Amino acid sequence: SKENSKLDEEQVFQAARNYVIATYQKIALTKYIPSLLGDYMGGYPGYNASVDPSIDEYFAAITYRYGHSEQPNVIRLADKDFLPTSQDPIFMRDAYRRDPQKMVELAGGIEKFIRGAIIQPTKPFDYSFDHDLNFYSKATSMVDVQRARDVGIPPYNQVRRNLGLDPIGSIQELVE
């Protein structure tokens with residue numbers, strides 16, 4: 001608001017919100033998506049009115065659960081030199097039992113958590129959930145299955161058939 005005193009609080013908020021969203025989108029497009037799908041997708045070609053920007057229920061129900069597979073089993077804490085602190089790491093099972101505000105206060109501020117997130121590699125996508133995520137956070141994988149059922153996501157083998165793939169007959173086939 002100091003840069004443009006003609007803006008009211010709501011306009012300042014909306015401008016800041018737009019900046020944060022744009023920054024997030026840039027990171028997702030140039031860093032995260034290529035780490036999952038490969039090559040950078042290229043520059044924005046401009047608005048195309050014929051493109052439907054919506055996502056369907058199926059896609060949302062499935063892909064929003066995807067991130068739970070990447071959940072690590074520890075929270076990293078790093079100092080100003082991005083080195084582990086004496087409190088590093090905090091196991092997720094311990095984090096679920098603690099008050100988040102108290103954890104931040106005991107660590108000496110949120111900065112250590114942010115730096116820890118920067119140095120922590122993403123857990124590779126796989127078909128597993130960290131034990132702590134299920135046991136200490138109210139059975140997340142079971143909640144995910146229930147959410148899929150709530151919106152009518154068919155069983156895994158039916159989805160495979162719908163995509164022209166052969167159904168699997170065992171868990172072993174799934175992990176191969």
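Residues numbered from 1 in each chain as written. Predicted model: local features only at pLDDT ≥ 70, side-chain atom pairs only at ≥ 80, totals over all residues. Heavy atoms only, no water.

Asks: Whenever I open this one, the side chain of Thr-85 confuses me. Can you help?
Replies: The topology assignment puts Thr-85 in the loop between strand E1 (74-75) and strand E2 (90-91). Here Thr-85 is in contact with Leu-77, Ala-78, Asp-79 and Lys-112, once residues within four sequence places are set aside. (Helix = DSSP H or I, 4+ residues; strand = E, 2+ residues; numbered from the N terminus. Contact = heavy atoms within 4.5 Å.)

Asks: Looking at this structure, I do not really get the pattern of salt bridges. What am I missing?
Replies: Side chains carrying opposite charge are able to pair once their charged atoms draw close together. A complete count under the given rule lists one salt bridge for this structure. Note that Arg-76 and Asp-88 form a salt bridge whose closest N and O atoms lie 2.8 Å from each other. Within this pair, whereas Arg-76 is found in the loop between E1 and E2, its partner Asp-88 is found in the loop between E1 and E2, the two being separated by 12 residues in sequence. (Salt bridge = Lys/Arg side-chain N within 4 Å of Asp/Glu carboxyl O.)

Asks: I keep staring at a nonpolar patch on the surface and nothing clicks. Help me out?
Replies: Taken together, Phe-82, Ile-110, Ile-114 and Ile-118 make up a surface patch of nonpolar side chains, about 380 Å² in accessible area. One can find Ile-114 in helix H5 (residues 110-119). (Patch = residues over 30% accessible without salt bridge, like charges linked within 9 Å, V, L, I, M, F, W, Y side chains within 5 Å. Areas by Shrake-Rupley, 256 points an atom, 1.4 Å probe, with all protein chains shown as cover.)

Asks: Where do I start with H5 in this structure?
Replies: Quick reminder: α-helices carry 3.6 residues per turn. Residues three or four places apart thus point the same way. Residues Phe-113, Arg-115 and Gly-116 constitute the buried set of H5. The arc that holds the buried residues of H5, viewed along the axis, is 165 degrees, so those residues lie on one side. Projecting away from the buried face of H5 at angles above 90 degrees are the exposed residues Ala-117 and Ile-118. On the buried face of H5, the contacting elements are E1, E2 and helix H4 (100-107). (Buried < 20%, exposed > 50% of the residue type's maximum accessible area, 1.4 Å probe, protein only. Arc of directions from axis to C-beta.)

Asks: Just to check I follow, could you spell out the packing of H4 against H5 for this structure?
Replies: A packed helix pair is summarised by two numbers, namely the angle formed by the two axes and the spacing between the axes. Interaxial distance between H4 and H5 falls to 7 Å at its minimum, and their mutual angle equals 90 degrees. Judged by the angle between their axes, H4 and H5 are roughly perpendicular. Each of Met-103, Val-104 and Ala-107 in H4 lies in contact with H5, whose residues at this interface are Ile-110, Lys-112 and Phe-113. (Axes fitted to C-alpha atoms, helices over the stretch in contact; angles between N-to-C directions. Parallel < 35°, antiparallel > 145°, perpendicular 65-115°, else oblique.)

Asks: I would appreciate a short explanation of H4 in the present structure.
Replies: Of the residues flanking the start of H4, the one acting as N-cap is Asp-99, its side-chain oxygen 2.7 Å from the backbone nitrogen of Gln-101. Gly-108 sits one or two residues past H4 and shows a positive phi near 90 degrees. (Polar contact = N/O pair within 3.5 Å; in protein donor to acceptor, adjacent residues only side chain to side chain.)

Asks: What exactly am I supposed to notice about the side chain of Gln-120 here?
Replies: Among the structural elements, Gln-120 can be located in the loop between H5 and helix H6 (131-135). Gln-120 gets classed as buried once you look at its relative accessible area, which sits at 17%. Look past the residues within four positions of Gln-120 in its chain and what remains in contact with it is Pro-72, Val-74, Ile-75 and Arg-76.

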